[in-house]
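Structure at a glance
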Amino acid sequence: MKNQDNIETVDNKRHGKLKIKLNVDQAQARDQNLVSVVLTELNACASNFAVVFIEVPESENKRIRPVAVLGLRPGENVYYNEAGWDTTYIPLMVQRYPFIVGFDDRVEDPNQLATCLIRNSPMVVEADGIAMFTETGEETDFLKSRHQILGEIFEGERAMDDFMQRVHKYDLLTPLEIILQAKNGEMRKVTGMYTISMQKLKELGPQVTQELIDVEFLPACYLILGSLFQLHRLMQLRNKQNVDGGLDYRIDVGPQTQPPAAA
Amino acid sequence: MKNRPNIESVDKNRHAGIKVRFDPDYAHMKTQNLSAITMSEITAAGSSFPVVFVKLPQEDEFRLVAMFGLTQGENVYYHEGGWDATYVPLTIQTYPLVIGHDDRTDAPDQLTVCIDRNSARVNQTEGDALFDAKGDATEFMKSRLMALHDVFEEEKRAWVFISKLREFDLLTPLEVVVKPVGRDVRRITGMWTLNRIKLLNLPAAQLQELHKQNFLSACYLILSASFQFHRLMQLRRRKVAENVENYWIDLEPQQRPAANG
């Protein structure tokens, strides 16, 4: 496997002099309405965002993943604020920028992963930024902290694979709709989202329940369900910013459609 | 038991002309740093506030509460025109209608809906009437009766919940440690949460017992709501004149000799 042309494995010979611009507002995510969530950050995300399941666009086998909802339309992030987001937490997939897990382009092993840099990001600069390497070529604490974020994403993704496998195995998903009503009465449905079915969760036998407790997936299920209340925060921010002229809304869990087949 | 003199049992004769003005600020809570919540409010309250257990003064019983500030008199969520929150607890919404003792009977433990006559929102001209011209409860009054009835019923459930948590020894102190700039570390004590490790390792039979009564999901949501201390501290930074250098949540304060208990 090879990286895209703009992705380079971070290396002191190649990037010794490069700096990363301080990114208080995470401007690259300004127009992002959904962001992937890894299992270890579920609590922090659910304290701010609704965490729902969606089909990953263009994924093989219609892969379903949890995402934090930042806005209700493509391009809409109502949590974005120039001075820093209106949140107590920013998802790792946003924080990592402009770093990404990629293939190590310095070695022959095609599957060796490493911390890579999105070389054409406007955050990668020659001056006025945070150094990745010291003058003697050692990694700075900043770069080390980026390794840590990417490591947590990598581990968290694997935990999420395991979580999703059991969510599908026990058929726990149910569709979720948000119905928006404009002041003139016009209705719009936001669809394509899923959540955990409270009813199915309750109907699981003691053995499966215990299995989900042991791997700490039962708390994850309840946190995801509870996070739906954050849709009120999203609508509060949305109406404060007067998106769509301010809307009434209703949240429907489990409308009369079937959840998609397990991946 | 007797009510304080300003708390009167609602009565169609005594309160025939009484109206209650709506207050979007819930100004009566402006200097209150916590409020009791019911178990069915854990998700809603936990989406904005830290949810913990406290022991009220002169009581041995734990109570489930939402925290609005770190010290007495501090409510950092308060905001004119609507709180910086996605939810306001039920008993705050129903105020100035409260649960109290029925002062029309001799039964000392008979509870009923009461009204706080000291509230500036209670008046003769403005707002929702409690009773109509015929002396029947208005829709407003009925909705308050229903909400307070729910609060009352829920309190029994919370009592069972907390008894179980004590039986299984799941409660553990939680302290917020604040380091103001140029001053000594200060510990905010008197709060309890669940012991996550003990909960995880509880014997299967006890876990099933909690799960069956919907107590397990309550435990998970209370635990996760501790993350809202970050929101509280964020709001506090904007509203309270104290320059905090650092703060953290200490889940093992019992290691210290002078732990609050």
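A look at the interface of chain B and chain A
Contact with chain B, which involves 19 residues of that partner, is made by 19 residues of chain A. Looking at the side of chain B that touches chain A, the elements with two or more residues in it are helix H1 (42-46), helix H5 (204-212), helix H6 (215-225) and helix H7 (229-239) of chain B. The residue makeup of the side of chain B that touches chain A, split by class, is seven nonpolar, eleven polar and one charged.

Regarding the packing of helix H7 (residues 217-227) of chain A against H6(B)
At a minimum axis separation of 9 Å, H7(A) and H6(B) run at an interaxial angle of 70°. In this view, H7(A) runs roughly perpendicular relative to H6(B), as classed from their interaxial angle. H7(A) and H6(B) meet at a crossing whose hand is right-handed. Of H6(B), the residues touching H7(A) (which contributes Pro219(A), Tyr222(A), Leu223(A) and Gly226(A)) are Ser217(B), Tyr220(B), Leu221(B) and Ser224(B). Looking at the contact of H7(A) with H6(B) residue by residue, the class counts come to five nonpolar, three polar and no charged.

A closer look at the sheet that holds strand E8 (residues 122-123) of chain B
All names here are of chain B. Sheet architecture is open: three strands sit in the order E8-E2-E9, paired in antiparallel fashion. Of all strands in the sheet, those bounded by a partner on one side alone are E8 and strand E9 (128-129). Across two bridges, strand E2 (residues 19-20) lies against E9 in antiparallel orientation. Across the sheet, residue Lys 19 finds its bridge partner in E9, namely Ala 129.

Side note on the pairing of strand E10 (residues 171-180) of chain B
All names here are of chain B. As paired strands, E10 and strand E11 (residues 186-194) are joined by seven bridges and run antiparallel to one another. Residue pairing across strands places Val 178 opposite Arg 186, the latter belonging to E11. Where E10 hands over to E11, the hairpin turn is made up of five residues, of which Gly 182 adopts a positive phi near 70°. Taken together, the six bridges between E10 and strand E12 (residues 244-250) define a ladder with antiparallel strand orientation. Looking across to E12, one finds that Lys 179 is bridged to Asn 246.

Digging into the nonpolar core
By size, the foremost hydrophobic cluster in this structure holds 98 residues, and its most contacted members are Val51(A), Val69(A), Cys221(A), Val51(B), Ala66(B) and Cys219(B). It is H6(B) that provides the largest number of residues to this core, a total of eight residues. Those residues in contact with Val51(A) that sit more than four places away from it in its chain are Val37(A), Leu42(A), Cys45(A), Ala46(A), Pro66(A), Ala68(A), Ile224(A) and Ser227(A). Among the nonpolar cores identified, the runner-up in size contains 13 residues, and Val113(B), Cys114(B), Ile115(B) and Leu148(B) belong to it.

A few points about the confidence of the model for chain B
Counting all residues, the mean pLDDT for chain B is 92, and 97% of those residues have values of 70 or more. In the predicted assembly, ipTM is 0.90 and pTM is 0.91.

Brief notes about H6(B)
Within H6(B), ten of the eleven residues are buried, which leaves the element mostly enclosed by the surrounding structure. All buried positions along H6(B) are accounted for by Phe215(B), Leu216(B), Ser217(B), Ala218(B), Cys219(B), Tyr220(B), Leu221(B), Ile222(B), Ser224(B) and Ala225(B).

Conventions adopted
- Sequence positions are assigned chain by chain, starting from 1 and proceeding in written order.
- The naming scheme follows written order: chains are lettered A onward, ligands numbered 1 onward.
- For a predicted model such as this one, the threshold for reporting local features is a pLDDT of at least 70, and the threshold for listing and counting side-chain atom pairs is 80 or more; totals across whole chains, interfaces and linings nevertheless cover every residue.
- By definition, residues are in contact whenever their C-beta atoms, placed on the basis of the backbone, come within 7 Å of each other.
- Secondary structure elements follow DSSP: runs of H or I of four or more residues count as helices, runs of E of two or more count as strands, with numbering from the N terminus.
- Amino acid classes used here: Ala, Val, Leu, Ile, Met, Phe, Trp, Tyr, Cys and Pro are nonpolar; Asp, Glu, Lys and Arg are charged; the rest, including Gly, are polar.
- Here, axes are lines fitted to C-alpha atoms. For helices the fit covers the stretch in contact, and angles between N-to-C directions go from 0 to 180 degrees.
- Just so you know how the angles are binned, under 35 degrees is roughly parallel, over 145 roughly antiparallel, 65 to 115 roughly perpendicular, and the rest oblique.
- Working rule for handedness: look at the near helix, and if it is turned counterclockwise from the far one by less than a right angle, call the crossing left-handed; if clockwise, right-handed.
- A strand pair is defined by DSSP finding two or more bridges across the two strands.
- Definition of nonpolar core: a set of buried Ala, Val, Leu, Ile, Met, Phe, Trp, Tyr and Cys residues joined via C-beta atoms within 7 Å.
- Exposed residues have 12 or fewer other C-beta atoms within 10 Å of their own C-beta, buried residues have 20 or more, and residues in between are partly exposed; the C-beta atoms are placed from the backbone.
- For every residue, the pLDDT score states the predictor's confidence, bounded by 0 at the bottom and 100 at the top.

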